[in-house]
Each structure stands twice: as structure tokens, then as C-alpha cells.
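Working through the structure, step by step
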Amino acid sequence: MWAKKHLLYTEATRHPFILSIRDGSVDLSSFKRWLGQDYVFVREFVPFVASVLIKASKKSDDGNDMEVILGGLASLNEIAWFKSEASKWDVPLSNTVVHKANQNYRRFLENLMLPEVDYAVAITAFWAIEAVYQESFAHCLEDGSKTPSELQDTCQRWGNEGFGEYCRSLQKIANRCLEKASSDVLTKAEVTFLRVLEHEVEFWNMSHGCA
Ligand SMILES: Cc1ncc(CN)c(N)n1
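Remember, it's a predicted structure, so these values are computed and weren't measured experimentally.

Gaps left between atoms are located by rolling a probe of water-molecule size over the structure's atoms. For the structure on display, the rule yields 1 cavity of 30 Å³ or more. Estimates place the volume of the largest cavity at around 90 Å³. Together, 13 residues line the largest cavity, and Asp-38, Phe-41, Glu-78, Ile-129 and Tyr-133 are the ones closest to its centre. Every element with two or more residues in the lining of the largest cavity is listed here: helix 3 (28–59), helix 5 (78–88), helix 7 (119–139) and helix 10 (183–208). Among the elements that make up the lining of the largest cavity, the one with the highest residue count is helix 3 (4 residues). Grouping the amino acids of the lining of the largest cavity by side-chain chemistry returns 9 nonpolar, no polar and 4 charged.

Residues Ile-21, Trp-34, Phe-48, Ile-69, Ile-123, Phe-126 and Phe-137 are the most contacted members of the largest nonpolar core, which totals 71 residues. Examining the composition of this core, we find that 14 residues originate from one element, helix 7, more than from any other. Here Phe-126 is in contact with Phe-45, Phe-48, Val-49, Val-52, Ile-69, Tyr-166 and Leu-170, once residues within four sequence places are set aside.

Turning to the UniProt feature "active site" (unreviewed entry) in the chain, a few remarks are in order. Taking the numbering used here, the UniProt-annotated feature "active site" (unreviewed entry) corresponds to Glu-200. Of note, Glu-200 is situated in helix 10. Judged by its relative accessible area of 2%, Glu-200 falls in the buried class. Apart from residues lying up to four places away in sequence, Glu-200 is in contact with Ala-12, Tyr-105, Ile-129, Val-132 and Tyr-133.

Turning to the layout of surface pockets, a few remarks are in order. Roughly 370 Å³ of internal volume is contained in the largest pocket. Around the largest pocket sit 14 residues that line it, and Lys-5, Thr-124, Trp-127, Asn-175 and Phe-193 are the ones nearest its centre. Sorting the residues of the lining of the largest pocket by element identifies helix 1 (2–13), helix 7, helix 9 (161–179) and helix 10 as the ones contributing at least two each. Per-class residue counts for the lining of the largest pocket are 8 nonpolar, 4 polar and 2 charged. Counted as a void, the second largest pocket has a volume near 230 Å³. Lining the second largest pocket are 14 residues; nearest its centre among them are Lys-59, Asp-118, Tyr-119, Ala-120 and Cys-177. Contributing elements (two or more residues each) for the lining of the second largest pocket: helix 7 and helix 9. Here the lining of the second largest pocket is composed, by residue class, of 7 nonpolar, 1 polar and 6 charged.

Summing up the model confidence of the chain, the mean pLDDT is 94 and the portion of residues at 70 or higher is 99%. Highest mean pLDDT in the chain belongs to helix 6 (residues 100–112) (98); lowest belongs to helix 4 (residues 64–75) (88).

Before going further, it helps to examine the pattern of salt bridges. Summed over the entire model, instances satisfying the criterion amount to 11 salt bridges. The residue Glu-142 makes a salt bridge to Arg-22 at a minimum N-O spacing of 3.1 Å. Placement of Glu-142 in the loop between helix 7 and helix 8 (152–159) and of Arg-22 in helix 2 (residues 16–22) is noted, with a sequence separation of 120 residues between them. Between Arg-176 and Asp-65 there is a salt bridge whose closest N-O contact spans 2.8 Å. Of the two residues, Arg-176 sits in helix 9 while Asp-65 sits in helix 4, which places them 111 residues apart along the sequence. Each of Asp-61, Asp-65, Arg-176 and Lys-180 takes part in a single network of salt bridges with overlapping partners.

For the rest of this paragraph, the subject is the UniProt feature "domain: Thiaminase-2/PQQC" (unreviewed entry) in the chain. Residues given the UniProt feature "domain: Thiaminase-2/PQQC" (unreviewed entry) here are residues 2–207. Secondary structure over residues 2–207 splits into 78% helix and 0% strand, and the C-alpha atoms at its two ends are 27 Å apart.

Below, the discussion takes up the site of the ligand. If you check the shell around the ligand, you find Asp-38, Phe-41, Val-42, Phe-45, Glu-78, Tyr-105, Ile-129, Glu-130, Tyr-133, Trp-158, Glu-200 and Phe-203 and nothing else. Glu-130 has a polar side-chain atom sitting 2.7 Å from a nitrogen atom of the ligand. Between the ligand and Tyr-133 there is a distance of 3.2 Å, counted from a nitrogen atom to a side-chain nitrogen or oxygen. Coverage of the ligand by the protein chains reaches 100% of its 290 Å² of free accessible surface. In this structure, the ligand is accommodated by the largest cavity. Listing elements by their share of the shell around the ligand, those giving two or more residues are helix 3, helix 7 and helix 10.

What counts, and where the lines are drawn
Residues numbered from 1 in each chain as written. Predicted model: local features only at pLDDT ≥ 70, side-chain atom pairs only at ≥ 80, totals over all residues. Heavy atoms only, no water. 1 Å grid on protein atoms, 1.4 Å probe; cavity = no way out; pocket = protein on both sides within 12 Å on 5 of 7 lines; lining within 4 Å. Points joined across faces, edges and corners; volume = space filled by probe spheres on them. Helix = DSSP H or I, 4+ residues; strand = E, 2+ residues; numbered from the N terminus. Nonpolar A, V, L, I, M, F, W, Y, C, P; charged D, E, K, R; others polar. Core = buried A, V, L, I, M, F, W, Y, C linked by side-chain atoms within 4.5 Å. Buried < 20%, exposed > 50% of the residue type's maximum accessible area, 1.4 Å probe, protein only. Contact = heavy atoms within 4.5 Å. UniProt positions renumbered as here; feature names shortened; annotations may be inferred. pLDDT = per-residue confidence, 0-100. Salt bridge = Lys/Arg side-chain N within 4 Å of Asp/Glu carboxyl O. Near = heavy atom within 4 Å. Polar contact = N/O pair within 3.5 Å; in protein donor to acceptor, adjacent residues only side chain to side chain. Areas by Shrake-Rupley, 256 points an atom, 1.4 Å probe, with all protein chains shown as cover. Sits in = over half its atoms within 2 Å of the grid points.

This is the structure in C-alpha cells:
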């Protein structure tokens, strides 16, 4: 299980699409496809985060959790970012045909929003979703990368140190919840983590044009 997790995590955070941004060979039509599809994804992701916030308000034994989650929702406002980026790249956001991989990922999020899903499971998924973007885009900003200047803003958005700190806070919350979780919840959290990684890989595949 550990080996599978490790392999999938690497697949999700070192995907050929990300590597093509990092080495400067990225096909801009792939980038634009990712932008349009991710806007649609984020419109489902925000309600998912709101559902995690509600779970935190009811189930968390640490008042700090709500601040971390709310901080992410408010200051990271992804919807506004996608709108302004799409207009910069001339990507129409209305009438986007939602790709199958995106539909599947959105459906997965919808299920995670159900009240019967344990807070520990939901916060683990939330951390994993954010961490994949953080690690992927931070890789494009490392020394030696040849990320095109026009894509630096995108990489900075998730690859910056502040976002890294936010992801570490989410990870701490998830770890704290999992330490106290029953073995049933632990298994569910583990399976959910793997599903997130699979969905992220499928999402990159779609953007890269390999799906
Ligand atoms: C598919 C996907 N995964 C993660 C993120 C970062 N919130 C995102 N915008 N899109």
C-alpha cells in the first residue's frame, strides 16, 4: 500500500504536463485546456471546501481548524484568479464542455460533501488535493527550471512558500484527526487519499491531451 501511494504521489506531482511546464516545452493549447477545465473544477471544489468548514465547525476539537480552512477559502479565492487568468489567455469560461475526467472528479467531490463522510476523511482529501498542486507547481519554480515567463504567475499561485505553509497546516490537521480515528475511518481516509491521487493524474492526463 505504501509503495502504491508513493508511486501515485510521484505520478501526480511529476506528471509529464508539469514537467513540460518546467522544461519550457509546454504546448500552450494544453495549458489553456487545463485553465478552462480547472475553472469548472474549482466551482465544485469551493463548495467542497465549504463542506469541510462546516464539518470542522461541528466535529473539530481545535478552534484553529476553521481559521486555516476559512483562510484558504477567502484569501486564495481561486474562482476570481481563474476568471482573470482566463481573460488574459482569451479562454472562454462559459459553455466549456466538461471533460469526462473532470466530471468524475467533481462527482467524487460531491460524494465527499455528504454529511455522513467523516471530518478526518474529508480533511485528508482536502489536504491531498492542495498538496498535489503545491508540489507540482513548486517543482516548476525550482532552480534550473525553464518555466516560460508567461506561466510564472500560475506556478507562483500554488508553488509559493505561503501556499506551502498553508498545505503544511492542513496536513497537521489531517494527521491530528487520523491519530484519533478508528481503524474503519483510517481505511476510508487511505482509500480516499489514493482516489484523490488517481483523479489528479487523470486531470493532468486530460490537460496534457493523453486522455
Ligand atoms: C484539479 C485541481 N486540483 C487541485 C487544485 C488546487 N486547489 C485545483 N485548482 N485543481
